[in-house]
Amino acid sequence: MNFTHKLTRITVSGALAATMLLPNALAMYQAQVKADALYLREAPDGAIITTLSDGTPLAVLDNSSSWYKVAVDGKEGYVSGEFLIGTTATDFSLGEGKIVCDTTVNFRSAPNTSSTVLCSLSNGMVVSVTGVQDGWYKVNCNGQDGFVHPDYLSFAAESAAPSTGKIVCDTTVNLRAEPNTSSTVLASMTNGTVVHVTGTQNSWYQITYNGKAGFVHPDYLTLLNEDGTPVAITPSANAVSYTGSSEKRASVLDFAAQYLGTPYVYGGSTPSGFDCSGFTSYVFKNTVGTIPRVAQSQFNATTRVSRGDLEPGDLVFFGSSASSISHVGIYVGGDQFIHSPHTGDVVKYDSLSGSYANRFQGGGRVIFD
């Protein structure tokens, strides 16, 4: 870089830096590269990790000196701060990060400590970081979007996605050539197919299937542990606890609680959004077994249970009559149930009282143990 070019860069970046003063030099914020090429280094003036192109978005973790510590493309390193410019963008992939805490950390619905706790994320969990907003990381974990404070997330070099995942869909889902729905379909994968997970890109999972490398949307893939069990998001602190002895009932309640705070979406049956029966069918499909997709069909296919005989993990049905079921949820005990209520609301717990008691048409049992 010649001397004139460098002076121009300093003049531009200096004017912009004045508009980006922060009350705390260590507060995280988003920025982008403003140079033809910029080295990301292991330490200030240290070994080069990679070269960042003009316009590359990143998160500034520490700007207390002329060398800024940043996170970008799943890596942490240092760049010369004079070649960064502020940006208002909040949605951009930062790659994979790892939860770092003593036990668990709250996964929140908004970037502040007053927002709803969607669930708890365990130490060591790998998540996809999809942006930066108000000093917090935007994160996607197993298809659920939320926020994690930067104190509890690291881009350690050894972070890696679990090696396998399981396809979760109604019938089949497409393996795409690129991480978007407009790209070429390489293959179709059936529900339950186990695939090799190699990473993430633009919040999509990068996988291999039958020798083909491609991408699948996170709504249709559940990460697996080494023993083949799903990587579980620990239920939030306000999740209803199950004290019985049935492992199947416990699995239904724990899995359902992962999606507290997920928005209602008409016709939705994935973690991006659920309607009532989309939620119940998704929970059962991923725990104890497949049930029909529609509420009336679920009612017709399950064994009737009276209100007094309900057990946690039973379905609860509502409507004007037994032949006109319009809503369904999952009983959790103590006259409470978890459900996806209606447009404008989210997955939450409600009481079997008031209008729900008046419209209650019976329970439906799937688990017999």
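Preceding block: the structure.
Calculation notes
Think of each chain on its own: its residues are numbered from 1, step by step along the sequence as written. In view of the model being predicted, local features appear only for residues whose pLDDT reaches at least 70, and side-chain atom pairs are presented and counted only at 80 or more, with totals across whole chains, interfaces and linings using the full set of residues. In computing side-chain values, all of the structure's heavy atoms are included and hydrogens and water are not. Here the term buried applies to any residue with accessible area under 20% of the maximum for its type, exposed to any over 50%, and partly exposed to those in between, with areas from a 1.4 Å probe on protein chains only. Helix and strand assignments follow DSSP, with helices taken as H or I runs no shorter than four residues and strands as E runs no shorter than two, numbered in order from the N terminus. Any two residues whose heavy atoms approach within 4.5 Å at even a single point are treated as in contact. In this analysis, strands are considered paired if DSSP registers two or more bridges between them. The axes used here are C-alpha line fits, helices contributing only the stretch in contact, and every angle between their N-to-C directions lies in the interval 0 to 180 degrees. The salt bridge criterion pairs a side-chain nitrogen of Lys or Arg with a carboxyl oxygen of Asp or Glu, the two atoms within 4 Å. Two N or O atoms form a polar contact when they lie within 3.5 Å of each other; inside protein one atom must be a possible hydrogen donor and the other a possible acceptor, and for residues adjacent in sequence the pair counts only when both atoms belong to side chains. Between rings of Phe, Tyr and Trp, where Trp is taken as its six-membered ring, a pair exists when centres lie within 6.5 Å; planes separated by under 30 degrees are stacked, by over 60 edge-to-face, and by other angles tilted.

Quick word on helix H2 (residues 247–257)
Within H2, the full set of buried residues consists of Arg249, Ala250, Val252, Leu253, Phe255, Ala256 and Ala257. Looking at the buried residues of H2, the elements they touch are strand E10 (117–122), helix H3 (276–285), strand E26 (324–333), strand E27 (336–339), strand E28 (348–351) and strand E29 (360–365).

Some words on the sheet that holds E27
The six strands are arranged E24-E29-E25-E26-E27-E28 in an open sheet whose pairing can be described as antiparallel. Taken across any chain shown, the strands that pair with only one partner, and hence form the sheet edges, are strand E24 (303–305) and E28. Averaged over all neighbouring strand pairs, the angle between strand axes comes to 45°, with direction disregarded. Bridging between strand E25 (residues 315–321) and E26 involves six bridges; their strand directions are antiparallel. Bridged to phenylalanine 317 within E26 is valine 328. On the sheet, H2 packs against E26, E27, E28 and E29 and is oriented at approximately 105° with respect to E26. Those strands touched by H3 are E25, E26 and E27, and its axis lies near 45° from that of E26.

Section: the environment of alanine 37
The topology assignment puts alanine 37 in strand E2 (residues 37–41). Separated by 19 residues in the primary sequence, alanine 37 and threonine 56 place their C-alpha atoms 9.7 Å from one another. Leave out the neighbours within four places in its chain, and alanine 37 touches Thr51 and Leu52.

Regarding the pattern of salt bridges
Tallying each qualifying case throughout the model produces 11 salt bridges. Between arginine 249 and glutamate 311 there is a salt bridge, and its shortest N-O distance comes to 3.3 Å. One end of the pair, arginine 249, is in helix H2; the other, glutamate 311, is in the loop between E24 and E25, with 62 residues separating them in the sequence. Given the relative accessible area of 2%, arginine 249 is considered buried. A salt bridge links arginine 365 to glutamate 311; the shortest N-O distance between them is 3.9 Å. Residue arginine 365 is located in strand E29, and its partner glutamate 311 is located in the loop between E24 and E25; the two are separated by 54 residues in the primary sequence. Taken together, the shared-partner salt bridges in this structure form one network comprising Arg249, Glu311, Asp314, Arg365 and Asp369.

Overview of the side chain of serine 340
Along the polypeptide, serine 340 turns up in the loop between E27 and E28. With a relative accessible area of 0%, serine 340 lands in the buried category. Of note is the side chain of serine 340, whose polar atom sits 2.8 Å from the backbone oxygen of phenylalanine 274. Ignoring anything within four residues of it in the chain, the contact list for serine 340 reads Tyr264, Phe274, Asp275, Cys276, Phe279, His327 and Val347.

Digging into the packing of aromatic side chains
Remark: the centre distance and the inter-plane angle together describe each pair of aromatic rings, the angle taken between the planes. Summed over all chains, the structure comprises 12 aromatic pairs. Here the aromatic rings of phenylalanine 274 and tyrosine 282 are separated by 5.4 Å at their centres, their planes lie at 50°, and the arrangement is tilted. Their ring planes at 65° and their centres at 5.4 Å tell us that phenylalanine 318 and tyrosine 356 sit as a pair that is edge-to-face. Note that phenylalanine 318 is positioned in strand E25 and tyrosine 356 in helix H5 (residues 355–359), a separation of 38 residues in sequence.

Considering unusual backbone geometry
Of note in this structure, aspartate 73 is not a glycine but carries a positive phi near 50°. Residue asparagine 210 is not a glycine yet carries a positive backbone phi of 50°. The topology assignment puts asparagine 210 in the loop between strand E19 (204–209) and strand E20 (212–216).

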